[in-house]
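# Analysis of the macromolecular model
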Amino acid sequence: MAVPAPGLPPRVRIHEVGPRDGLQNEKGAVPTEVKAEFIRRLAGAGLTTVEATSFVHPKWVPQLADAEQLFPQVRDLEGVHLPVLVPNERGLDRALALGARRVAVFASATESFAKANLNRTVDEALAMFEPVVARAKATGTGPDQVHVRGYLSMCFGDPWEGPVPIPQVVRVCRALLDLGCDELSLGDTIGVATPGHVQALLAALNDQGVPTDRIGVHFHDTYGQALANTLAALQHGVTTVDASAGGLGGCPYAKSATGNLATEDLVWMLHGLGIETGADLGRLTATSAWMAAQLGRPSPSRTVRALSHQEP
């Protein structure tokens, strides 16, 4: 039963990350045809933003080494945005050559993770992204202009450095916007955020001129806080939420990072609050149950288990 709560947005855009952020953490490679079918089924379930893959060097993320083969199979899905991750200018070249019109760069709020993930300092990574974002924004005009998302990892805690000071996060967020990013995704990479911390960071970003409508949130459910943190963000006015079908994913460079917020669990909560998403929960659940079968294990999503009668 849908029972709206006051002060929440009427609609939320789900930024589905399962095919990229979810599958990059698998121990073995998933066949390209299975990935393409996964994306098609997610689109068929009503999701309009599905992050397809990453144009990183295969040495670093071998699970996504088939980006050139995968993207052409799904790029013509009608009414669906298919963002891809581009770590540098070479990755951007590869993505643009295949017709990608939504790209993302991946920064860190902490020096330790910047070193582990990019082998650079925070500022060196920003300098690397500057020409990437500039070239992307110079590609196309009007509705055909390339859209750039800036991911920021370790916004709340870091496995090496501990709690991350809010001003430190705000500085890098502001820098990404100044480079030309169209939107930000605040990553709770190891899942340590709590609702008060979420709202304090969002308020601090607003104080430094970062508008809420350019912010998305990306929570991991390590301590079971992802939905609570999402609700706190919605109460602040955030309308873009990252989630992963079936709760797939983690982070190959931070071993304490467990699965993403499951898209089905998010949709169950949002629909219960009377918030529109465009997602068909039944088709979404069936898609994640199908993907779990491809991977040979049950889905960690509680909603998928409840609706498809899977055993934990």
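The notes below deal with the structure included here. This is a predicted model, so every value here is computed, not measured.

Definitions and limits used
Residues numbered from 1 in each chain as written. Predicted model: local features only at pLDDT ≥ 70, side-chain atom pairs only at ≥ 80, totals over all residues. Heavy atoms only, no water. Phe/Tyr/Trp six-rings, centres within 6.5 Å; stacked < 30°, edge-to-face > 60°. Helix = DSSP H or I, 4+ residues; strand = E, 2+ residues; numbered from the N terminus. Buried < 20%, exposed > 50% of the residue type's maximum accessible area, 1.4 Å probe, protein only. Lys NZ or Arg CZ within 6 Å of the ring centre and 35° of its normal. 1 Å grid on protein atoms, 1.4 Å probe; cavity = no way out; pocket = protein on both sides within 12 Å on 5 of 7 lines; lining within 4 Å. Points joined across faces, edges and corners; volume = space filled by probe spheres on them. Nonpolar A, V, L, I, M, F, W, Y, C, P; charged D, E, K, R; others polar. Lys, Arg positive; Asp, Glu negative; His and termini not counted. Salt bridge = Lys/Arg side-chain N within 4 Å of Asp/Glu carboxyl O. Polar contact = N/O pair within 3.5 Å; in protein donor to acceptor, adjacent residues only side chain to side chain. Contact = heavy atoms within 4.5 Å. Core = buried A, V, L, I, M, F, W, Y, C linked by side-chain atoms within 4.5 Å.

We now examine the packing of aromatic side chains. The final tally for this structure, using the stated rule, is two aromatic pairs. Ring centres of F156 and F219 lie 6.2 Å apart, and the angle between their planes is 40°; on these two criteria the pair is classed as tilted. Of this pair, F156 sits in the loop between β5 (147-153) and β6 (157-158) while F219 sits in strand β9 (residues 215-219), and the two are 63 residues apart along the sequence. Residue F219 is classed as buried on the basis of its relative accessible area, which comes to 1%. In this structure, R149 packs its charged tip against the face of Y151, placed 5.0 Å from the ring centre.

Below, the discussion takes up empty space enclosed by the protein. Counted according to the given criterion, the structure contains two cavities of 30 Å³ or more. Approximately 60 Å³ is the volume found for the largest cavity. Taken together, F38, A245, G246, L248, S288, M291, A292, L295, R297, P298, S299 and P300 make up the lining of the largest cavity. Ranked by residues supplied to the lining of the largest cavity, first place goes to helix α11 (residues 281-295) with four residues. Residue composition of the lining of the largest cavity, grouped by class: eight nonpolar, three polar and one charged. The volume enclosed by the second largest cavity comes to roughly 30 Å³. The wall of the second largest cavity is formed by H15, P83, R102, V103, H147, R149 and E183. Elements supplying a minimum of two residues to the lining of the second largest cavity: β4 (102-108) and β5. The class makeup of the residues in the lining of the second largest cavity is two nonpolar, two polar and three charged.

For the rest of this paragraph, the subject is the environment of E37. Relative to the helices and strands, E37 resides in helix α2 (residues 32-44). By relative accessible area, E37 is classed as partly exposed at 26%. Linking E37 and M1, residues 36 residues apart in sequence, is a C-alpha distance of 32 Å.

The phi dihedral of N119 falls on the positive side, at around 55°, and the residue is not glycine. Within the fold, N119 resides in the loop between α5 (111-118) and α6 (122-137). Relative accessible area serves as the criterion here: at 53%, N119 is assigned to the exposed category. The phi dihedral of M154 falls on the positive side, at around 60°, and the residue is not glycine. As for its position among the elements, M154 is in the loop between β5 and β6.

So, on to the side chain of D265. Along the chain, D265 falls in helix α10 (residues 263-272). Buried and unpaired, D265 has no salt bridge, with R302 as the nearest side chain of opposite charge at 4.9 Å. A polar contact of 2.7 Å, which involves the side chain of D265, links it to the side chain of T303. Setting aside its immediate chain neighbours within four residues, D265 contacts L227, S301, R302 and T303.

Moving on, we get to the layout of surface pockets. The volume enclosed by the second largest pocket comes to roughly 260 Å³. In terms of lining residues, the second largest pocket is bounded by 14 residues, among which V80, H81, L82, G99 and R101 are the most central. Partitioning the lining of the second largest pocket into residue classes produces six nonpolar, five polar and three charged.

Take the nonpolar core next. Residues V84, V86, L152 and M291 are the most contacted members of the largest nonpolar core, which totals 90 residues. Element by element, the count of residues in this core is highest for α6, at eight residues. When near neighbours in sequence (up to four residues on either side) are disregarded, V84 contacts A52, T53, F55, F71, A95, A100, R102, V103 and A104. Formed by eight residues, the second largest nonpolar core is a distinct cluster that contains V17, A104, F113 and M154.

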